[in-house]
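Single-letter residue listing:
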Protein chains: 2
Amino acid sequence: MTYRAPLAEIEFILSRIIAADRLAETERFAEATAETRAAILEEAGRMVENAIAPLQRAGDLHPARLENGVVRTSPGFAEGFRAIAEGGWVGISADPEHGGMGLPFTLGTVVNEMTAAACLSLSLCPLLTQGQIEALEHHASDDLKALYLPKLIDGTWTGTMNLTEPQAGSDVGALRTRAEPNDDGTFAITGQKIFITWGDNDFAENVSHLVLARLPEASKGTRGLSLFLVPKLIPDEAGKPGVRNALKVVSLEHKLGIHGSPTAVLAFEGATGWIVGEPGDGMAAMFTMMNNARLGVAAEGLGIAEAATQMALAYAAERKQGRTPVEGSGAIIDHADVRRMLLRMKTLTFTARAICLDTALSTDMARAAPEAERAGWKARAAFLTPIAKAFSTDIGNEVANLNIQVHGGMGFIEETGAAQFARDARITPIYEGTNGVQAMDLVGRKLSDGGAAAHALLAEIEAGAKASGDSELARRVLAAHAEVARATDWMLNAPEINDRFAGAAPYLRAWALLLGGWHFLKAAEDPGHAPLAAFHIRQAMAEIPGLLVAATEGAAPLYALSAEALVG
Amino acid sequence: MTYRAPLAEIEFILSRIIAADRLAETERFAEATAETRAAILEEAGRMVENAIAPLQRAGDLHPARLENGVVRTSPGFAEGFRAIAEGGWVGISADPEHGGMGLPFTLGTVVNEMTAAACLSLSLCPLLTQGQIEALEHHASDDLKALYLPKLIDGTWTGTMNLTEPQAGSDVGALRTRAEPNDDGTFAITGQKIFITWGDNDFAENVSHLVLARLPEASKGTRGLSLFLVPKLIPDEAGKPGVRNALKVVSLEHKLGIHGSPTAVLAFEGATGWIVGEPGDGMAAMFTMMNNARLGVAAEGLGIAEAATQMALAYAAERKQGRTPVEGSGAIIDHADVRRMLLRMKTLTFTARAICLDTALSTDMARAAPEAERAGWKARAAFLTPIAKAFSTDIGNEVANLNIQVHGGMGFIEETGAAQFARDARITPIYEGTNGVQAMDLVGRKLSDGGAAAHALLAEIEAGAKASGDSELARRVLAAHAEVARATDWMLNAPEINDRFAGAAPYLRAWALLLGGWHFLKAAEDPGHAPLAAFHIRQAMAEIPGLLVAATEGAAPLYALSAEALVG
C-alpha cells in the first residue's frame, strides 16, 4: 500500500474551512500566500512519498537496537532523516535568524501530519528536535542559541526532551534528577530519565538533550525545576563536537509499536549541562513548547488516521466478497456495513484535520495578528490544543482499528501493514500528557478564565451555523451547540474541581464532535463533501447528548464504591 | 500480574442474574445443582490459575513455528493442554456416551472464559476441538463417532475447522476445495485452506480436520458444500493412528497477536476424507455448531476483558502519581478520570458476562426444557448469540485498550503484558464471522421471524424492569427499552434489507447496552453492585439514543457518494 500525500483535501481545509489565507495578510507571514503554500506542500508531499513512506515497514521489522552502548537505527532511517533535513523541513517554522524557514505552524503541522502518516517512528526524530528548537528560541542565552540552533535547524544535530523518571510520569513535580553548579557556570547533571524518544541515534553528528532537573536547595514540586541543555558530545566554541559527556544509554524499550523509534533509558552521571532560562523556570520553559508539542502529537494521530483510511479504501475497492447491493460490483466497499466504517474513518479524519489546522492557525495568529487581537487568538489556541491532541490521537486509534476490521482476517496478519498502524498509533493517546490529562487541562486550566475562551468559540460556532442558512444540518449543529454550551455552564458552576475532572473526557469528545459539525457545515457547500457532512452531523453528532450526560454527572458516582471494594 | 478466576462474580451472575438454578430442575441437567456447579468451577479455576495462566507470556514471546513441515508449539503449551485434557475440560459439555461430562454449555462457557482469560492462544485448541465434537455428535455416522469422539473428548487428539480459502472469507459460498469419491466410500480432498487455527501441533497423537468441500457436479454457492473429516494420520479400526494422510502445513501466519496459536495454511492433496452428514449438507452441519462457536468466541472477548480489568485495577491501586481527591492515597485509582475508566471496564465486563451466560443458558434450555418451551428458548438463544459475540469481542478490545491507557507509558512496554491483551483480543471481532456479519445476522436472519424473538425478549425486559419497582434506574431502563422497541419496529418495516444492514452495528450495540441495564437492575439489589449498576444505567446507557439514530438512518446516506468518489 502506497501512502499519497492528501494535498487536495488539505488545501480544501486550509482555504475553505479555516481561511488560512488570513496568514498572508499579516506582516510576519506575508510570504505564506496560497501559491507559496501550494508549492511548499507539494514539495513536502513528494519528499514524504518518495523518501519516508518506503521506510515504514523496515522500521517495524528491524527495530532500533543498542549495541555496546551505541544505538543502531533501522535500515534506511539515516537517509530518511537526511531527506527531511536537507529539505529544510526540521526548521520549517524556526526563526530565519538561525536558518529556519520562518513559515507558519499551520504549514509545519501539515508537514508533520504527512511525515507521521508515512512513517511515525522516524517522524518523531525531527518532531522532538523542533520542540527543542522552540524551547531554545524562547529561553536560551544568545550564546547557546548561536551554538545550537543552526545545527538543530539544519539537522546536523538532533534534540530530545528529558522529563520522565520512573516515579514521575504525569506528575512532573516528583522529579529527582539533580543539577549541581560547577565553578565555570555550567552544571553537573545526575539522574536517570526514562521513555526518552530518540534518546540517541547513529546518524546525527551530535544529540542535544534538554533535561528537567533540580538545583540544590530548590523547592519541591514543579517550582523547583530548572531546564538544562546537556549535549552528548561537548562542542567547542566553533561548534565542533568534542569530548563525550558523562551520560549514557542504559537500555532501549521493547514496545508495542514505533519500533523504529529508539525509546531510551538515559543515565546522567555528573554530565555537563548549561542552564536554559532562569533557575526555577524549568516548567515555564516546558509550558512554552508544550502546546506545540501537543499539536505535533495531534498531527501524528491525524496522520495515522489518514494513512489507515487510504489503506482501507484501497483494499475495500479491490476485495470481492459476496453479492453487494450495487449491481455488478462485488467489492466489499459496496457492503453497507463496510461503507459505514469507511465513512466514519473519512469523517473522523476530516474533523481531526480541521481541528488540528484551526489550532495551528490560532497559534500562528497569536504571534502574527495585530497586537490587540493576539490575546484572543492565544486563548483560542490554548483552548483548542487539548481537544486537538486528545481527539486526534483517540480517533487515530479508532480509525487504525477500523482499518484492521475492514481487512477482516488479513488485517490481523502483520505483512498487510494494517496492524502496524494500530500498534504505532497506540502511544499517541499516552505521551505528551495522557488524554486524561488533556481533558483535565481543558476543564481545569482552560476554563479557569471563567469560560471566556469557551464562550468565544461557542459564539463563533453559533454565528457560523446561523450564517450558513436555515438548513436541517445547521439546525442540528445549533442544537448540539446549545447542549455543549449548557455543559460548559455546568462545568463552570460545578462545586468542586473533581466534579469537572470526572466528566472531562466525554466533555472534550463532545466539543470535538461539535467542532467537526461546524467545520462540516462549511464543507457541505462542496458536492464532494456534502454527503460526508450529512453523515457526521446526523450520525456522529448524535453521540453528543449521551457524552454530555456522562460529562455532567459529577464525581460522586465514581467514588460510590471505595477503591478497596472496586479492586475486590 | 496474576490472573484470578473470578468465581464469586460468576456465581453472582449465575444465581442472581440469569437464574441458572433452573438448569438443575431439568431432567437432562439434574446434576448441575448449585453445589456441583460451585465445586466444578472451583476446580476449573484452580487448574486455569495454576496450569494455564503461567503460559500467557511464553506463548507470546515464543510463537509456534514450522520446522521442516512440523509445527513446534510454544514452551509449556503441551503441558498446559494436558492439564485441560486430564481435567476432562475439553469434553465438559460433550455427550457422556463417548466420555464427556454432559454438563450444560453454561458451565462450559464459564470454563472457556477463564481459559481464554488466562491464555487465549492456548485456549483456542480445546475450543476448536469442542466445536468439532459438537459437529460430529450431530452429524457423523455411528462408526465415525465411535472412532473419533472418545479421542477428541479425552484430548488424545485435537480438532480443527477448515472453512476459509483465499477468495472465500465471509463469503463461504465461494469455496473451491474439491472432494472426489473414491471406490471405498471415502473421498479424495484437494484444495488449500487458510487461517486454520491450531492447524497442527506437536502434542496430540493425531489432528482431525473438518473440511468444507464441493463434490463433483455440486451446485455453486453454499448449497453445493459438503463436510468431510480428514485426519492427519489415518487411524486403523482400533483407532491407532497409522499412515500420514496427503495433507500438509504450508506455512504459519505472522500475526498481531495470539502468537502461541499456530494459524496454518493447509494444503490437501487428494487427502482421504470421510463425509459427515449427507452430500450438500455441509452448511447445515456448520450452522449446527456455529452458534456455539460464536458463543465460544464471545467468551474469549469476555475473558480478556476480565483479565485486563484485573490487571488495571491492581496497577491503579499500586501506582502513586500526584495528589488525589482521596486524602492520603496518591494512588491513581483515586483520580477521577482513572476511576471512570476502571468503572467502564468493570461494567462492560459485567454486561458481557451476563449476556454470554444468558445466551449459554438459553442454548441449554433449548435442549433440556420441557418440549413445549424448547422452540422459544432456541429462538432466544439464536437472537442473543450474535449480540453476545459482537458485543463481548468489541468490549474485549475496548477494555484491553483502556488497560493500556490506565498503565500510561508502561502500557506501551511489552514486558508489562497490557499490550499483549490488546494484540490478542484484536482477532476476536474478526473470526467466526466478523462483527459486521454478526450484526447483519441479527437484523436479517434473527428478525426474519417477524420480530417474534426480539419482542419476546423486549417483553421480558419490560416485565423485569417493572417488577423491580418504580426506581429512577428502572425508569431509565424502561425508557431505553421503548427506544430499542421503536428501532426494532423500524427495522421490521424498513423498505429494503440493506436499510437494515446499514444500521445493524449500532442497533446491535444498543441492544447489548439495554440487556446490560436489565441485568444490572437485578444486580442493584446487591450493595457491591449497586454503584456499578447506577454507572451503567445512567452513563453507558445514555449512548443508546445516539446509537439508534445511526441505526435508523437507512442505507441511502451511505451510498450518497459513489465508491469511486469515496476512494478519491
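Residues numbered from 1 in each chain as written. Chains lettered and ligands numbered in written order. Predicted model: local features only at pLDDT ≥ 70, side-chain atom pairs only at ≥ 80, totals over all residues. Heavy atoms only, no water.

Overview of the overall build of chain A
Summing up its helical and strand segments, chain A has 18 helices and eleven strands in all. Against the compact-globule benchmark of 24 Å for 568 residues, chain A has a radius of gyration of 24 Å, which places it among compact chains. When its C-alpha atoms are laid out on the principal axes, chain A stretches across 75 × 60 × 55 Å. Within chain A, the fraction of its 568 residues that count as buried is 63%. In chain A, 73% of the contacts between residues at least 6 apart in sequence involve partners at least 24 apart. Just so you have it, chain A exposes about 19,500 Å², and 53% of that area is on carbon and sulfur atoms. Within chain A, the 68 negative side-chain charges are centred at a point lying 5 Å from the centre of the 49 positive side-chain charges. (Helix = DSSP H or I, 4+ residues; strand = E, 2+ residues; numbered from the N terminus. Rg over C-alpha atoms; globule rule 2.2 N^0.38 Å. Buried < 20%, exposed > 50% of the residue type's maximum accessible area, 1.4 Å probe, protein only. Contact = heavy atoms within 4.5 Å. Areas by Shrake-Rupley, 256 points an atom, 1.4 Å probe, with all protein chains shown as cover. Lys, Arg positive; Asp, Glu negative; His and termini not counted. Charge placed at Lys NZ, Arg CZ, Asp CG, Glu CD.)

With respect to the interface of chain A and chain B
With 75 residues of chain A at the interface, the matching set in chain B holds 75 residues. Here chain A packs against chain B, burying approximately 6,600 Å² in sum over the two surfaces, 65% of which is carbon and sulfur. Summed over the shared surface of chain A and chain B, the result is two salt bridges. Remark: the boundary between chain A and chain B carries 34 residue pairs in polar contact (both at pLDDT 80 or more). Looking at the side of chain A that touches chain B, the element that brings in the most residues is helix α9 (residues 336-368) of chain A, giving seven residues. Taken together, the residues that form the side of chain A that touches chain B break down as 39 nonpolar, 20 polar and 16 charged. (Buried area = accessible area lost by both parts, 1.4 Å probe. Salt bridge = Lys/Arg side-chain N within 4 Å of Asp/Glu carboxyl O. Polar contact = N/O pair within 3.5 Å; in protein donor to acceptor, adjacent residues only side chain to side chain. Nonpolar A, V, L, I, M, F, W, Y, C, P; charged D, E, K, R; others polar.)

Some points on helix α2 (residues 34-52) of chain B
All names here are of chain B. If you check α2, its first and last C-alpha atoms are 26 Å apart, about what 19 residues at 1.5 Å a residue would give, namely 27 Å. Every buried residue of α2 is listed here: R37, I40, L41, A44, G45, M47, V48 and I52. End-on view of α2: buried residues confined to an arc of 165 degrees, all on one side of the axis. Projecting away from the buried face of α2 at angles above 90 degrees are the exposed residues E35 and N50. (Expected span 1.5 Å × (residues − 1). Arc of directions from axis to C-beta.)

Some thoughts on the UniProt feature "domain: Acyl-CoA dehydrogenase/oxidase C-terminal" (unreviewed entry) in chain A
What UniProt calls "domain: Acyl-CoA dehydrogenase/oxidase C-terminal" (unreviewed entry) maps, in this numbering, to residues 280-442 of chain A. Strand forms 0% of residues 280-442 of chain A and helix 75%; the C-alpha atoms that close the span are 25 Å apart. (UniProt positions renumbered as here; feature names shortened; annotations may be inferred.)

Some words on the side chain of H407(A)
Residues and elements named next belong to chain A. Its place among the elements puts H407 in helix α10 (residues 371-407). Overall, H407 belongs to the buried group, its relative accessible area being 5%. Reaching out from H407, the side chain makes a polar contact with the backbone oxygen of N403 at a distance of 2.9 Å. Excluding residues within four positions of it along the chain, H407 makes contact with M311, A312, Y315, T416 and A418.

Observations regarding the relation of the copies chain A and chain B
The operation relating chain A to chain B is a screw motion whose rotation component is 180 degrees, with 0.0 Å of axial translation and a residual RMSD of 0.0 Å. Here the transformation between the copies is reduced to the relation of a two-fold axis. Looking at chain A, 100% of its interface residues are interface residues in chain B too, so the copies touch through the same face. (Least-squares fit on C-alpha atoms with pLDDT ≥ 70 in both.)

So, the packing of aromatic side chains
Residue and element names in this part refer to chain A. In total, this model carries 14 aromatic pairs over all chains according to the counting rule given. Ring geometry for F350 against F520: centres 3.8 Å apart, planes inclined by 20 degrees, an arrangement best described as stacked. Placement of F350 in helix α9 and of F520 in helix α15 (residues 497-523) is noted, with a sequence separation of 170 residues between them. Taking relative accessible area as the criterion, F520 reaches 0% and is therefore assigned buried. An aromatic cluster of three or more residues is present, and its members are F77, F81, W198 and F203. (Phe/Tyr/Trp six-rings, centres within 6.5 Å; stacked < 30°, edge-to-face > 60°.)

Side note on the pairing of strand β5 (residues 187-197) of chain B
All names here are of chain B. Burial runs high along β5: eight of the eleven residues are buried. Sheet analysis places strand β4 (residues 178-181) next to β5, joined by four bridges and oriented antiparallel. Following the sheet pairing, E180 is matched in β5 by A188. Taking the residues that link successive antiparallel strands as the turn, the β4-β5 hairpin has five residues, and the phi of G185 there is positive, at about 90 degrees. Two strands pair when backbone bridges link them, and β5 and strand β11 (residues 263-276) are joined in this way by nine bridges, in the antiparallel orientation. Among the inter-strand pairings, G191 is bridged to a residue of β11, identified as F268. (Pairing = 2+ DSSP bridges.)

Description of the side chain of H335(B)
Topologically, H335(B) is positioned in the loop between α8 (282-318) and α9 (336-368). Taking the relative accessible area as the measure of exposure, H335(B) reaches 17% and is therefore buried. With residues near it in sequence (within four places) discarded, H335(B) still touches Y559(A), Q321(B), R323(B) and T324(B).

Quick notes on the pattern of salt bridges
Residues and elements named next belong to chain B. Counted according to the given criterion, the structure contains 64 salt bridges over all chains. Its salt-bridge partner being R4, residue E49 comes within 2.6 Å of it at the nearest N-O pair. Placement of the pair is E49 in helix α2 and R4 in the segment before α1 (7-17), with a sequence separation of 45 residues. On the basis of relative accessibility, which here comes to 46%, the residue R4 falls in the partly exposed class. Residue D200 pairs with K232 through a salt bridge whose shortest N-O separation is 2.8 Å. Highlighted residues: D200 in the loop between β5 and β6 (206-214) and K232 in the loop between β7 (225-231) and β8 (233-235), separated in sequence by 32 residues. Per residue, the accessibility class of D200 equals that of K232, and both read buried.

Looking at the environment of D21(A)
All names here are of chain A. Tracing the backbone shows D21 in the loop between α1 (7-17) and α2 (34-52). Residues D21 and P429, spaced 408 residues apart in sequence, show a C-alpha to C-alpha distance of 31 Å. Those residues in contact with D21 that lie beyond four places of it in its chain are A34 and R37. Only 2.8 Å separates the side chain of D21 from the side chain of R37, close enough to count as a polar contact.

Some remarks on the UniProt feature "domain: Acyl-CoA oxidase/dehydrogenase middle" (unreviewed entry) in chain A
Taking the numbering used here, the UniProt-annotated feature "domain: Acyl-CoA oxidase/dehydrogenase middle" (unreviewed entry) corresponds to residues 161-269 of chain A. Split by type, residues 161-269 of chain A is 0% helix and 49% strand. Its first and last C-alpha atoms lie 17 Å apart.

Considering the packing of α9(B) against helix α16 (residues 504-523) of chain B
Residues and elements named next belong to chain B. Viewed as axis vectors pointing N to C, α9 and α16 meet at an angle of 95 degrees, and their least axial separation amounts to 9 Å. Comparing the axis directions of α9 and α16 gives the class roughly perpendicular. For the pair α9 and α16, the contacting residues are R344, T347, F350, T351, A354, I355 and D358 in the first and R509, A512, L515, G516, W518, H519, F520 and A523 in the second. Here the contact of α9 with α16 is composed, by residue class, of eight nonpolar, four polar and three charged. (Axes fitted to C-alpha atoms, helices over the stretch in contact; angles between N-to-C directions. Parallel < 35°, antiparallel > 145°, perpendicular 65-115°, else oblique.)

A few points about the nonpolar core
Grouped together as the largest cluster of nonpolar side chains are 355 residues, with contacts concentrated most on L342(A), Y507(A), W511(A), L342(B), Y507(B) and W511(B). A domain split of this core shows at least three residues from each of domain 1 (7-283) and domain 2 (446-568) of chain B. Every residue in contact with L342(B), bar those within four places of it in the chain, is listed here: L566(A), A312(B), L313(B), A316(B), I333(B) and V406(B). (Core = buried A, V, L, I, M, F, W, Y, C linked by side-chain atoms within 4.5 Å. Domains from an automatic or database assignment.)

Some details on the environment of N206(A)
All names here are of chain A. For N206, the position within the fold is in strand β6 (residues 206-214). Once the C-alpha coordinates of N206 and K232 are considered, the two residues, 26 residues apart in sequence, prove to be 6.2 Å apart. Not counting chain neighbours up to four residues away, the residues in contact with N206 comprise T156, W157, T158, P231, K232, L233 and P241. Among the polar contacts made by the side chain of N206, one reaches the main-chain carbonyl oxygen of L233 at a distance of 2.8 Å.

Some thoughts on the packing of α1(A) against α9(A)
Residues and elements named next belong to chain A. Direction vectors running N to C along α1 and α9 enclose 55 degrees, while the axes themselves pass 10 Å from each other. Judged by the inter-axis angle, α1 sits oblique to α9. Of the two elements, α1 crosses α9, and the hand of that crossing is right-handed. Across from E9, I10, F12, I13, L14 and I17 in α1, the residues of α9 making contact are F350, R353, A354 and L357. Of the residues in the contact of α1 with α9, the class split is eight nonpolar, no polar and two charged. (Left-handed = near helix turned anticlockwise from the far one by under 90°.)

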